[in-house]
Structures are given as C-alpha cells and as structure tokens.
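Examination of the molecular architecture
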Amino acid sequence: MEHVNSHNAFAEAKQCIPGGVNSPVRAFGNVSVEPIVYDHAKGSRIWDVDGNEYIDFISSWGPMILGHRPEAVESAVRAQLEKGYSFGAPCVAETKLAETVCRLIPSAEKARMVSSGTEATMSAIRLARGYTHRDKFIKFEGNYHGHSDALLAAAGSGVATLSIPGNPGITPGAVADTLIARYNDLGSVRALFEAYPEDVAAIIVEPIAGNMGCVPPAEGFLQGLRDLCDEFGAVLIFDEVINGFRASLGGAQQLYNVMPDITTLGKIIGGGFPVGCFAGRAEIMDCLAPAGQVYQAGTLSGNPVAMEAGLAMLTELEKGGVYEKIDALGARLEDGLNGIIAKYSLPCCVNRSGSVLTLFFTEGPVTDWDSASKSNIQMFDKYFEGMTERGFIIAPSQYECLFVSAAHTEEEIDSFIAAADEVLSQL
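Residues numbered from 1 in each chain as written. Predicted model: local features only at pLDDT ≥ 70, side-chain atom pairs only at ≥ 80, totals over all residues. Heavy atoms only, no water.

1. Some words on the overall build of the protein chain
Of the regular secondary structure elements, the protein chain holds 14 helices and 14 strands. What you see for the protein chain is a C-alpha radius of gyration of 21 Å, in line with the 22 Å of a compact globule of 427 residues. Nonlocal contacts in the protein chain, meaning residues at least 24 apart in sequence, comprise 72% of its contacts between residues at least 6 apart. Side chains of the protein chain give 30 positive and 53 negative charges; the mean places of these two sets differ by 3 Å. (Helix = DSSP H or I, 4+ residues; strand = E, 2+ residues; numbered from the N terminus. Rg over C-alpha atoms; globule rule 2.2 N^0.38 Å. Contact = heavy atoms within 4.5 Å. Lys, Arg positive; Asp, Glu negative; His and termini not counted. Charge placed at Lys NZ, Arg CZ, Asp CG, Glu CD.)

2. Side note on the side chain of Ser-107
Within the element layout of this structure, Ser-107 appears in the loop between helix 3 (92-104) and strand 4 (110-114). For Ser-107, a relative accessible area of 9% puts it in the buried group. One polar contact links Ser-107 to Gln-253, side chain to side chain, over a distance of 2.6 Å. Within polar-contact distance, the side chain of Ser-107 engages the side chain of Thr-263 at 3.3 Å. Those residues within four positions of Ser-107 in sequence are excluded, and the remaining contacts are Gln-253, Met-259, Pro-260, Thr-263, Gly-280 and Arg-281. (Buried < 20%, exposed > 50% of the residue type's maximum accessible area, 1.4 Å probe, protein only. Polar contact = N/O pair within 3.5 Å; in protein donor to acceptor, adjacent residues only side chain to side chain.)

3. Some words on the sheet that holds strand 9 (residues 262-265)
With respect to topology, seven strands assemble into an open sheet ordered 4-10-9-8-7-5-6, the strand pairing being mixed. Lying at the two open borders of the sheet, with one neighbouring strand each, are strand 4 and strand 6 (178-181). Adjacent strand axes in the sheet meet at a mean angle of 20°, parallel and antiparallel pairs treated alike. One ladder, built from four bridges, connects strand 5 (residues 136-140) with strand 6; its direction is parallel. Looking at strand 6, one finds that Phe-140 is bridged to Ala-181. (Pairing = 2+ DSSP bridges. Axes fitted to C-alpha atoms, helices over the stretch in contact; angles between N-to-C directions.)

4. As for the environment of Leu-179
Its place among the elements puts Leu-179 in strand 6. For Leu-179, a relative accessible area of 8% gives the class buried. A C-alpha to C-alpha distance of 9.9 Å links Leu-179 and Ala-154, two positions 25 residues apart in sequence. With residues up to four places along the chain from it excluded, the contact list for Leu-179 reads Lys-136, Phe-137, Ile-138, Lys-139, Leu-192, Tyr-196 and Val-200.

5. Re the environment of Glu-385
Here Glu-385 lies in helix 13 (residues 377-389). Among the residues examined, Glu-385 registers a relative accessible area of 29% and is labelled partly exposed. Separated by 352 residues in the primary sequence, Glu-385 and Val-33 have C-alpha atoms spaced 6.1 Å apart. Apart from the residues within four sequence positions on either side, Glu-385 is in contact with Ser-32 and Val-33.

6. Examining the sheet that holds strand 14 (residues 402-403)
The three strands lie next to each other as 11-12-14, forming an open sheet whose pairing is antiparallel. With partners counted over all chains shown, the strands left at the sheet margins are strand 11 (349-353) and strand 14, one partner each. Bridge count for strand 11 against strand 12 (residues 356-360) is five bridges, and the pairing is antiparallel. Pairing of Arg-352 across the sheet is with Leu-357, part of strand 12. Helix-sheet contacts for helix 11 (residues 322-344) involve strand 11, strand 12 and strand 14, and the interaxial angle to strand 11 is about 170°.

Written out as structure tokens, the structure reads:
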C-alpha cells in the first residue's frame, strides 16, 4: 500500500525529530511498511493522512478500551476546557480520581498522580527503597517498566524491536542494584534473595507481561512472589500500567487474587491523556513528601483535563458489561487465529489474557523472554505488511500486544480473522 502523504510527513519529521518519532517503536524499524501518520480516529477506526481507513487493534497501546473518542470522555473534557487546561495546583478532580483508584484497586489505600508510566514506576522504586532502607530490586527479563535508567535493563519490547544490545547513556552504576530474574521462574527469584538476603528493597513485575508480547503468569507465580517478599521483607510492586482496568475493573491483582504493596497505573486512567499513578498501602505511601521524606514531584501531575477524562472513563467501566464484551471478542479472535494455525500447520502460537493477545511466530509455548525471543521476525514482518494492506492496524513489533476495545464488533473480529487467513496462508 502506498502512503504518499505519510511518506512525506515522516520524511519531514526526520528533519526535526530524532528518527522522525517521539517513541522508537513508532518508526516501524522491524517491518517493511513505512510509518503510518494518523489524522483522526473514532470508535474502532482510524484514518491516516492519506485518507486510508483502518480497523485499529493498537488502541493507542491499550488505553482506548471504549474505542476512540467515547462520548462520555469527550463531554467531560469539553466541560473542563471551559474551566481551565492546567493549574499546577490542587483540583477536586485529582482527589476524585485518587478516591476512585483506591476504591477499585484492591490493594490501594492512597494514590499519587504523575504524568506517565515511566514516572510511576521510577517513583515506586524510589519509594520502596526509601521505605525499606535497602538499595537493590528485582525485575524480570522481558518486562518493560519505562525508560528510567535502572529499569531499562533487560527490558524487552522497544529495546528488543530495535535490536539495541546495550543502552548507551546508562552507566554501570545506574544498573548496579538492578537484579534480573526469569519471568515465571520462582527459583531464579529465590536465588537472588538468598544471594542478597538483606539488600533487596522490592520486586517489580508486570503481573501479566505485555512488553514481550502477551505472556500470562504461570499458576502460582504471582503468589510465589508475594510469599518471597513476605519472607525476605521486600516490597512487591505490580506494574499494572497495561493491566490496570484492562485485565479487570480491579486489575490483574483482582483477577489473580494476589495483593501487591504498590501498584503502578497509567493508560486507561487518563482516558487517552498522558497520565500515570502509583498507589499502595497507606503506611508506604505516607513516606512520600510532604508527608514523609521520600521526594517526588511533578508540575503537571494531576492535570485537570486528564483527571476528568480518567474519571469519565472509569465511570463508564463501572457501569458494567464492558469486560464481558471485550473478553468474549478476545476469545473469538484467539479461536479464529488458532484455527488458522492448525489449518496450515504453522509454527505459531497465540497467548491471550482477556482482551489482550499476541500471535507469536514460534511454536511455543511462550512463557518468558527466552521463548518469546525465538519468534521468526521475518514471518511477523510479512504478517504485519499483509494485515496493513487489508486495512488492519496492529503493533509494528512481534513483542507488543493486540488490544480489543468495546467499540469493536464481532463482524470486525471475523473480518480480521479472514484477512489473517489470507495472509498466513501465504507464509
């Protein structure tokens, strides 16, 4: 498919923006198609600057759970715009959103708003260190928690897509206290605790991994992490920036009935606007300044437009029916893709968690970064190009997820399956 206007727009962007994008995966570096430059979106559809229409399965990387521009969110935003865009000061909406987060997320007693997921995870690690007076923390290979220095080690997702072997600009000292374990491998976690029994402040984990593709936790894995943290006196942090209000109304922690000490959130709680949040036990959260000694700040944190958008989004989700619909659509899509895999005996597998899934171009099972990284990137490239040509937008990386929204219909899911059948039959 020729994208003349997108081509020119991207060429112009490269003259003033490094690589032409403001987030690396958008550069389509691992696929043959040039970046698509968006113009507008509504419901399940997006249109590029060339006038092409697509059914969107990126959903702004997850937050558009109701589809693009749902009326309830737009109305709330319009009303706030009449009152002010930014205050840099307290507003009622930030309190209401924090109250809503604490009511819906089972482990949350107090919450602090920030402006991005990276801010949330970075701040959560600092808070855990301040609370425990320990320096080291454990993260998992293939889990991405934003681009702050200490958390970018073995991060999967964008780093893997770009084939960056290390991270220039990050000093050895910045990651000296970052310990790497294998996702879904409790033995690797215990070994690190036993090596540093008095030094580990926290474990941070995506309870349902979404940055090496969708990889659900093995049975007992999350509870095992909870037990190890209790045994060694560490803080358990669930990075639910993707999972929060997507896996369920109470996040992955409600779905698996395992309670962390701190939860990081983003995506959906901004209703499509840039928002992050970290929330947790009051005893820990009260260590934050000005209540405590752990410093964290942000001039635009609690932006009133974003707060109202997030409130409207969560209010709609609380009305019920959304999760049943999107999970059923996700299951329909999974069944269709598995049917194609069986039909053509393809070396592929599908991982799904509710409305989030990934088609891996490896026989699987995919349970961690090692198994995810065995995927055939050349096959994914052909799949991506074929689906784009047929009017479907998916993430331009094997190591990202496909997101189903409440705006999608069964007919659109079936048309995706039919298109995938055409494309995969030729691989």
